[in-house]
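A structural walkthrough
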Amino acid sequence: MVRPTARVLALLELLQGGGTHRVASLAERLSVDERTVRRYVEHLRDLDIAVDSVRGRYGGYRLARHSRMPPLMLGDEEALAVIWALQLTAQTGTGPASAPAAHSAAAKVRRVLPAAAARRIDAVVETVDFPATDREDGGIRWRGDDGASARILLDLAAAARDRHPVTFGYTARQGRTTQRTVEPHGVVAHRGLIYLAGFDRVRLAARTFRVDRIDRLQLLEETFAVPADADPVQQVLGPLPPAPHRHPVSVRIRADLAHVRTHMPFMLASVTPMSGGPNEDGWLKVVLHAEHLEWVAGTLAAIDRPFVIETPQALRDEVRELAQRLMTASRQSSEA
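The shown structure was predicted, so the numbers you read here are calculated from the model rather than taken from an experiment.

Another aspect to go through is the side chain of Arg161. Here Arg161 is to be found in helix H7 (residues 148-162). Excluding anything up to four places from it in sequence, Arg161 contacts Arg119, Asp122, Ala123, Glu126 and Thr127.

Shown next, in the form of structure tokens:
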């Protein structure tokens, strides 16, 4: 049964939407009679909330302009929308506001949320990462639902924070749905999507899952220990895993790390400085798994720095063929 206080707050929320609301319409929305609506309005006025009466055929009630409002009353999804935008601003440096201003605003919003909502939102703040390498991708592509994705995200964040395993149905890219049991290590927003990173108890391996493909989520009572080397961001952004149709590639490049990263982002290749040898100063070790060696050869040419191909032999052949094509094209241009 809905308590009268809840209906009074629901009335305030309707009035906050702006405009003048007829008494009959308010009564229908709140499932009460018109006399009760008028009593609820008096309750709001007793709380020093200015509600104006509008007379006439299209009269009713509306909030007075510049009226002093009570603390924010946001639903879970509304609170998530506000905090998400502020976290994105603070962690990625996007938007016109500074990171300290965004952190300060987020703290103020969290302080005035109801305790239950605040705890769920705190889990999002503590567990969701926005990689600095992905600053241009702030827009998240949610499914067209009634808030189900937001509820799943809130529950996943709480599970990751409190170390509770979860079970859920997961729909793969091919459309096949399987049941998974996962120890969630963290949540990462990357390239317009949200990913869960954790340990899959079914596959017995670290796995990532797109949150928009998760449904029927349930939190388990037990808890788990997070491995010391768990890194949700690296798990999502790390190089592509081995696969039968991909070529393992290992190359040494003498170049600046930032320069190489402009051509080989985190999600495509592992790039680490080499050290320990007398001839390794300034060299980088690049490891990746590529579907097309032509792309690797072209990328090495675009990087335009000294390199040594360790594996595979086929990549050496591909580089030679690319060099021959470039030389042939150069001679033809000169003759023309």
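Next up on the list: the packing of aromatic side chains. Taken as a whole and judged by the stated rule, the model has 3 aromatic pairs. Plain terms: the ring middles of Tyr170 and Phe209 are 5.1 Å apart, the flat faces sit at 80 degrees to each other, and that makes the pair edge-to-face. One end of the pair, Tyr170, is in strand E4 (residues 166-171); the other, Phe209, is in strand E7 (residues 205-210), with 39 residues separating them in the sequence. With respect to class, Tyr170 is no different from Phe209; both count as buried. Here a set of aromatic residues connected by ring pairs shows up, and it is made of Phe168, Tyr170 and Phe209.

The next thing to look at is the confidence of the model for the protein. Mean pLDDT over the protein stands at 81; residues scoring 70 or higher make up 85%. No element of the protein has a lower mean pLDDT than helix H5 (residues 99-111), at 79, and none a higher one than E4, at 94. Throughout residues 133-139 the model reports pLDDT below 50, and contacts reaching past four residues in sequence, or to other chains, amount to 13 contacts.

How each quantity is defined
- Residues numbered from 1 in each chain as written.
- Predicted model: local features only at pLDDT ≥ 70, side-chain atom pairs only at ≥ 80, totals over all residues.
- Heavy atoms only, no water.
- Helix = DSSP H or I, 4+ residues; strand = E, 2+ residues; numbered from the N terminus.
- Contact = heavy atoms within 4.5 Å.
- Phe/Tyr/Trp six-rings, centres within 6.5 Å; stacked < 30°, edge-to-face > 60°.
- Buried < 20%, exposed > 50% of the residue type's maximum accessible area, 1.4 Å probe, protein only.
- pLDDT = per-residue confidence, 0-100.

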